[in-house]
Amino acid sequence: MAKAPNSRRWSLPVPSVQELASQHLHTVPPRYVRDDFSDIITVPSGDHQLRLPLIDMTKMVNPETQAVELHKLHSACKEWGIFQLINHGVSDESLRNMRKQFEEFFELPLQEKKHLAQRPGSNEGYGHLFVMSEEQKLEWQDMLFIKVLPFQSKILESWPGNPYKFREILVNYVEEMRKVTVSIMKFIAMALQIKDEDFYESYNKEGKCDMRVNFYPACPEPEKVIGIHPHVDVHGITLLQECSDTSGLQVLKDGHWVFVEPIDGALTVDIGLILEMMSNGIYKAPFHRAVVNKSKERLAIVTICCPSSSCRIGPAKQLLQSGSPPLYKSLTLEEYFECFYNSPPGSDIPFIDKLKI
Ligand SMILES: O=C(O)CCC(=O)C(=O)O
Ligand SMILES: [Fe+2]
């Protein structure tokens, strides 16, 4: 039996769900059956669904429409913590190319993908996150986790070399994602009336960025499994590219799980806990999860951004000048992640609470 991880920094190896799904099972194996969820709805119900706020980047740039769009952005971040972003400047070509590369990666034979399998001690690679015991229930997904920024030539080797254009396309994609992240953070600073340039510049050249690409195969009993368990993102900000029109991502809004309906070319932007802390709780990192589909697979490319490691994680000083008390502790990025990785899996709420004053 493999040695169990002693922190969330690495994960036990688990079977490939894609391989399981290819056996055309009629039922899912017990380890995937989630009796702990009673509210799994796997297809949008139509008329009465709430819709995520939609933010248009060009309207934030245009002086004539800026004030109104910034107000929308502020409300979206306060009330939802997540929104869909259109006209964000990332080219269709870049989105399409990246999607194609990841689709091709997941279509490779298992043996080929296993060249990138996670190793004990690290989350990087092909596998699963946060599996810490042989008894733990599993999610219905396979995942590739790679570090992308700050870019160093040695991290190239940990990226797929097959498909052969993968690395070149990823370098371009990440550069575009970095630009859009800095722009969003700049508009968020404006919406919060924070004048400190570090608030957004810390996501620029020294900013950290990882990618998590989730592949959710079709599932014979989708209402019995979970694609990704409810969680808040612990980083600064997450940009998610949907690769098809299959919905799966859900956000908890006023006690209800709301589907994020894919919009062609849009990015879904999700506030992470670091940004919640920096905004002194004005913005909230939302709980979200993914469900899976009976007949369709789904692929989501998730770019996870953090400020540079020299940045202090805690309420922005300008938000405290009016006498508002800090609601969160202030710590280094390293201390912050130490605290996260050493919290047991499934304990996101205690983790957040540990950071509150
Ligand atoms: O794949 C999805 O739709 C959700 C992914 C997600 O929440 C994550 O990777 O943190
Ligand atoms: Fe997430």
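Residues numbered from 1 in each chain as written. Chains lettered and ligands numbered in written order. Predicted model: local features only at pLDDT ≥ 70, side-chain atom pairs only at ≥ 80, totals over all residues. Heavy atoms only, no water.

Engineer: Help me out: how do you make sense of the sheet that holds strand β2 (residues 82–86) in this one?
Structural biologist: The strand order across the open sheet formed by 8 strands is β1-β2-β10-β7-β12-β5-β4-β3, and the pairing between neighbours is mixed. The two strands at the open ends of the sheet, each matched to only one other strand, are β1 (54–56) and β3 (125–127). Taking the axes of each pair of neighbouring strands and ignoring which way they run, one obtains an average angle of 25° across the sheet. Bridge count for β2 against strand β10 (residues 267–271) is 4 bridges, and the pairing is antiparallel. Within β10, the position partnered with Ile 82 by the bridge is Asp 270. Sheet contacts for helix α4 (residues 92–107): β3, β4 (142–149), β5 (208–216), β7 (237–242), β10 and β12 (298–306); angle to β12, the most-contacted strand, approximately 115°. Sitting on the sheet, helix α6 (residues 166–192) is in contact with β2, β4, β5, β7, β10 and β12, with an inclination near 130° to β7. (Pairing = 2+ DSSP bridges. Helix = DSSP H or I, 4+ residues; strand = E, 2+ residues; numbered from the N terminus. Axes fitted to C-alpha atoms, helices over the stretch in contact; angles between N-to-C directions. Contact = heavy atoms within 4.5 Å.)

Engineer: For this particular structure, what's the right way to read the coordination of the iron ion (ligand 2)?
Structural biologist: Between any two of four tetrahedral donors, the ideal angle at the metal is 109.5 degrees; between two of six octahedral donors, it is 90 or 180 degrees. Within the first shell, the iron ion (ligand 2) binds the protein through His 231 (NE2), Asp 233 (OD) and His 288 (NE2), at distances of 2.1 to 2.2 Å. Of note, the donors binding the iron ion (ligand 2) are all from one chain and are spaced H-x1-D-x54-H. Placement of the pair is His 231 in strand β6 (residues 228–231) and His 288 in strand β11 (residues 288–290), with a sequence separation of 57 residues. Across the pair, His 288 and His 231 agree in class, each one buried. (Donors = N, O, S within 2.8 Å, 3.2 Å for Na, K, Ca; no water. Buried < 20%, exposed > 50% of the residue type's maximum accessible area, 1.4 Å probe, protein only.)

Engineer: Mind showing me how you'd approach the nonpolar core here?
Structural biologist: Nonpolar side chains in soluble globular proteins generally cluster together in the buried interior. One finds Leu 73, Leu 170, Ile 184, Ile 188 and Tyr 336 to be the most contacted residues of the largest nonpolar core, which totals 97 residues. Looking at which element gives the most residues to this core, the answer is α6, with 15 residues. Excluding residues that lie within four positions of it along the chain, Leu 170 makes contacts with Met 98, Ile 146, Val 148, Trp 159 and Met 211. Counting residues in hydrophobic clusters, the runner-up holds 15 residues, among them Val 28, Leu 138, Tyr 216 and Cys 219. (Core = buried A, V, L, I, M, F, W, Y, C linked by side-chain atoms within 4.5 Å.)

Engineer: Sorry if this is basic, but what is going on with the UniProt feature "domain: Fe2OG dioxygenase" (unreviewed entry) in the chain here?
Structural biologist: Within this numbering scheme, the UniProt entry marks residues 207–307 as carrying the feature "domain: Fe2OG dioxygenase" (unreviewed entry). This span, residues 207–307, is 6% helix and 45% strand, and a straight line between its end C-alpha atoms measures 5 Å. (UniProt positions renumbered as here; feature names shortened; annotations may be inferred.)

Engineer: For this particular structure, what's the right way to read the packing of aromatic side chains?
Structural biologist: The description of an aromatic ring pair rests on the distance of the ring centres and on the angle between the ring planes. Following the criterion strictly, the structure yields 13 aromatic pairs and no others. With a centroid separation of 5.3 Å and 70° between ring planes, the pair formed by Phe 340 and Phe 351 is classed as edge-to-face. Linking Phe 340 in helix α9 (residues 333–341) with Phe 351 in helix α10 (residues 348–354), this pair joins segments that are 11 residues apart in sequence. Of the two residues examined, Phe 340 and Phe 351, each falls in the buried class. One aromatic cluster is present, built from ring pairs that chain together Phe 130, Tyr 336, Phe 337, Phe 340, Tyr 341 and Phe 351. The lysine or arginine in question, Arg 8, covers the ring of Phe 130, its NZ or CZ lying 5.4 Å from the ring centre. Taking the ring centre of Trp 80 as reference, the NZ or CZ of Lys 253 above it sits at 5.2 Å. (Phe/Tyr/Trp six-rings, centres within 6.5 Å; stacked < 30°, edge-to-face > 60°. Lys NZ or Arg CZ within 6 Å of the ring centre and 35° of its normal.)

Engineer: Quick question: what am I supposed to make of the pattern of salt bridges here?
Structural biologist: Note on pairing: side chains with opposite charge can pair once their charged atoms come close. A complete count under the given rule lists 11 salt bridges for this structure. The partner of Arg 9 in a salt bridge is Glu 338, with the nearest N and O atoms 2.8 Å apart. Of the two residues, Arg 9 sits in the segment before α1 (17–21) while Glu 338 sits in helix α9, which places them 329 residues apart along the sequence. Taking relative accessible area as the criterion, Glu 338 reaches 36% and is therefore assigned partly exposed. Across the pair Lys 356 and Asp 353 runs a salt bridge, and its minimum N-O distance is 3.8 Å. A relative accessible area of 38% means that Lys 356 is categorised as partly exposed. (Salt bridge = Lys/Arg side-chain N within 4 Å of Asp/Glu carboxyl O.)

Engineer: Please clarify how the site of ligand 1 should be interpreted in this entry.
Structural biologist: In the neighbourhood of ligand 1, the contacting residues comprise Arg 212, Asn 214, Tyr 216, Ile 228, His 231, Asp 233, Leu 240, Leu 249, His 288, Arg 298, Ala 300 and Val 302. Contact distances for ligand 1 include 3.0 Å between an oxygen atom and a side-chain N or O atom of Asn 214. Within the side chain of Arg 298, a nitrogen or oxygen atom sits 2.7 Å from an oxygen atom of ligand 1. Cavity membership is defined here by more than half of the atoms lying within 2 Å of grid points; on that basis ligand 1 lies in the largest pocket. Breaking the shell around ligand 1 down by element, the ones donating at least two residues are β5, β6 and β12. For the shell around ligand 1, the class distribution of residues is 6 nonpolar, 3 polar and 3 charged. (Near = heavy atom within 4 Å. Polar contact = N/O pair within 3.5 Å; in protein donor to acceptor, adjacent residues only side chain to side chain. 1 Å grid on protein atoms, 1.4 Å probe; cavity = no way out; pocket = protein on both sides within 12 Å on 5 of 7 lines; lining within 4 Å. Sits in = over half its atoms within 2 Å of the grid points. Nonpolar A, V, L, I, M, F, W, Y, C, P; charged D, E, K, R; others polar.)

Engineer: Which parts of the structure should I look at to understand α4?
Structural biologist: Every α-helix winds through 3.6 residues per turn, so residues three or four apart in the chain are directed the same way. The first and last C-alpha atoms of α4 sit 22 Å apart over 16 residues, in line with the 22 Å expected at 1.5 Å per residue. Within α4, burial applies to Ser 94, Leu 95, Met 98, Gln 101, Phe 102, Phe 105 and Phe 106. The buried residues of α4 occupy one face: seen down the axis, they fall within an arc of 135°. Exposed residues pointing more than 90 degrees away from the buried face of α4 are listed as Asp 92 and Glu 107. (Expected span 1.5 Å × (residues − 1). Arc of directions from axis to C-beta.)

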